[in-house]
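Here's the letter readout for the chains.
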Amino acid sequence: MFTIHEVEGMQRQWELPEGGRLTIGRAPDNDIRIDDLRVSRRHAVIRAATRTEARLANVSKGNIVTVNEQDVTPETGEALLKDGDHFTIASIRFQLILKEVPLRYTDEPLSMSTSMSPITSGFTSLVTNTFTSGSHKLEIQELRRKAEMLAQLCEMSAALATVFDTQSILEYATAIVMRAISADCCAALLVEQSEADPRAVSLRFRDNEKADQRSISRTAVRTAIEQRVMLSSHDVMQDANLKFSQSVVMQSISSLACAPLVGREGVYGALYIDRRITREKFTDLDTQLLAAIAAQAATAVEATRAHERSQREALARAAFARFMPEHIIKELVENPEKFQLGGINKRVTVLFCDVRGFAKLAHRARPDTIVDLLNILFTAMAAEIFARQGTLNKYIGDGLMALFGAPLGGESDASNAVATAVAMQRRVREVNEQLTAKNLPPVQLGIGINTGEATVGVIGAHQRSEYTAIGDTVNIASRIEGIAQPGQILVTEATARELDGAFLLSAPQEITVKNIDEPVRVYSVIYLPEEVDANAPTPA
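Here the structure is a predicted model, which means the values were calculated and not measured.

Observations regarding the pairing of strand β11 (residues 92-98)
Within β11, five of the seven residues are buried, leaving the element largely enclosed by the surrounding structure. Here five bridges tie strand β1 (residues 2-6) to β11, and the two strands are oriented antiparallel to one another. Note that in β11 the partner of Glu6 across the bridge is Phe94. Across four bridges, strand β10 (residues 86-89) lies against β11 in antiparallel orientation. Across the sheet, residue Phe87 finds its bridge partner in β11, namely Phe94. Taking the residues between adjacent antiparallel strands as the criterion, β10 and β11 are bridged by two residues, where Ala90 takes a positive phi near 55 degrees.

Thoughts on the sheet that holds strand β9 (residues 79-82)
Read across the sheet, five strands follow the order β4-β3-β5-β6-β9 without closing on themselves; strand pairing throughout is mixed. Two strands close off the open sheet at either side, each with one partner strand: β4 (32-33) and β9. In the sheet, strand β5 (residues 44-48) pairs with strand β6 (residues 53-58) via five bridges, with the strands oriented antiparallel. Bridged to Ile46 within β6 is Leu56.

Examining the nonpolar core
Core analysis: the biggest nonpolar cluster contains 39 residues, and Leu351, Leu377, Met381, Leu400, Ile447, Ile449 and Ile489 have the highest contact counts within it. For this core, the elements supplying multiple residues, two or more each, are β20 (344-355), α8 (358-364), α9 (367-387), β22 (399-404), α10 (413-437), β23 (445-460), β25 (489-492) and β28 (520-526). The element that contributes the greatest number of residues to this core is α9, accounting for 10 residues. Those residues within four positions of Ile447 in sequence are excluded, and the remaining contacts are Leu351, Phe352, Cys353, Ala421, Met424, Gln425, Glu481, Ala484, Gln488, Ile489 and Leu490. Grouped together as the second largest cluster of nonpolar side chains are 35 residues, Met156, Ala173, Ala291 and Ala294 included.

Rules and cut-offs
Residues numbered from 1 in each chain as written. Predicted model: local features only at pLDDT ≥ 70, side-chain atom pairs only at ≥ 80, totals over all residues. Heavy atoms only, no water. Buried < 20%, exposed > 50% of the residue type's maximum accessible area, 1.4 Å probe, protein only. Helix = DSSP H or I, 4+ residues; strand = E, 2+ residues; numbered from the N terminus. Pairing = 2+ DSSP bridges. Core = buried A, V, L, I, M, F, W, Y, C linked by side-chain atoms within 4.5 Å. Contact = heavy atoms within 4.5 Å.

Below, the structure is given as structure tokens:
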């Protein structure tokens, strides 16, 4: 059994059972659907060839698939994937993970012998407590074992210092536990918001032939996680409280222990151990070592999550900082599941802005003068777009395109777009003062705005792509911007309907737009050249 993990973005997961196959592509009926116009409707097929190997085939017509950075084409045939391998389709990266034997939980009540202790005491107690009763030989043995345990913890700390993968961290933790503590079963569990029970990330059994018959105590795990305590039970089979529990009898669990993975942001999961073959109970030294390993693992998991957030933030800022306001980038980093950066249809308001008379100006002025002029103008215009939750989509020569409602939409997208247009027109006076101070000519703007459905997403070639919108909604906005007079803001009827009377509009006029069958009704926004202070005294 495999799971396929989407490494970034929405971070979805899919199950791939042994002998099963999954289709990947843009069409809605694919098992793994990718909403990206660079992806074919039928792009790839992945199948579980054996228990430990999968095969991936590129079934698209010329589009790219890579496995571990190597291109896979229809001509090269199926590519081999093993546990931990990565494959990429368009810009979406996936990882194949070999899933361990499914973990089953049982619901027996806690044994009467159950003891609990604060999780924070594990490492301290491991160092300071002594359990022998005067025997010099036993004390030496205990100290020797403590030294070995501390060496294991130091080794674990060094090994995980540069590991930023939760699976690898918890695999290492269970390996240390099985080596240092004589347990018959060890499970590393991870809490996930979408799951009722913690998910088993790493499972190890002393007797692997019977691994598929094993389950663990849900009650013990939940108690340890919810109360944040180191929990242990011994003499489970002799406990009268459990005498009717058939699952415990069948598995012959004699003792168990569970330590939560506690970090600054909460409980990430737990490390669980039990004994089924041997009858010895876990000693205090065993449980304190388990708590110490759990603390080390929790620290490493916390560092991994911080590293992943930092990477997402760096990628988001690198990709979008010049085009999106800070609050949208922050939302993208903290809640990536809210964003669908593949091709989707959604309602947006599109704003186009252009400098009037620019061709004549460019013909007369020096190139460096033109660049200075546009940099001053665009800096001011971008500030107005960002101030009202807009996305600066692209610069188009002496103009620009902005989106309101993508990637995050709201009820005020149309109003924000028109408010931005008014602010841009007013800001032109300030910009012209800066241009005059630099001996540059003044400018005037024409602006067009339209609202409607558009296809929004990452669009382009494999080598270079951008987040943008396409469709009639965009084309109409561009066309009406083209007929706007200097200083004028034109909006379509679709935009006007969403303004709720917030702006004064002229009488409508109908215009013919190229490639659009029906005339388009537009309105001119009536605004004052300067913002009026509502608190200013009225002239006598």
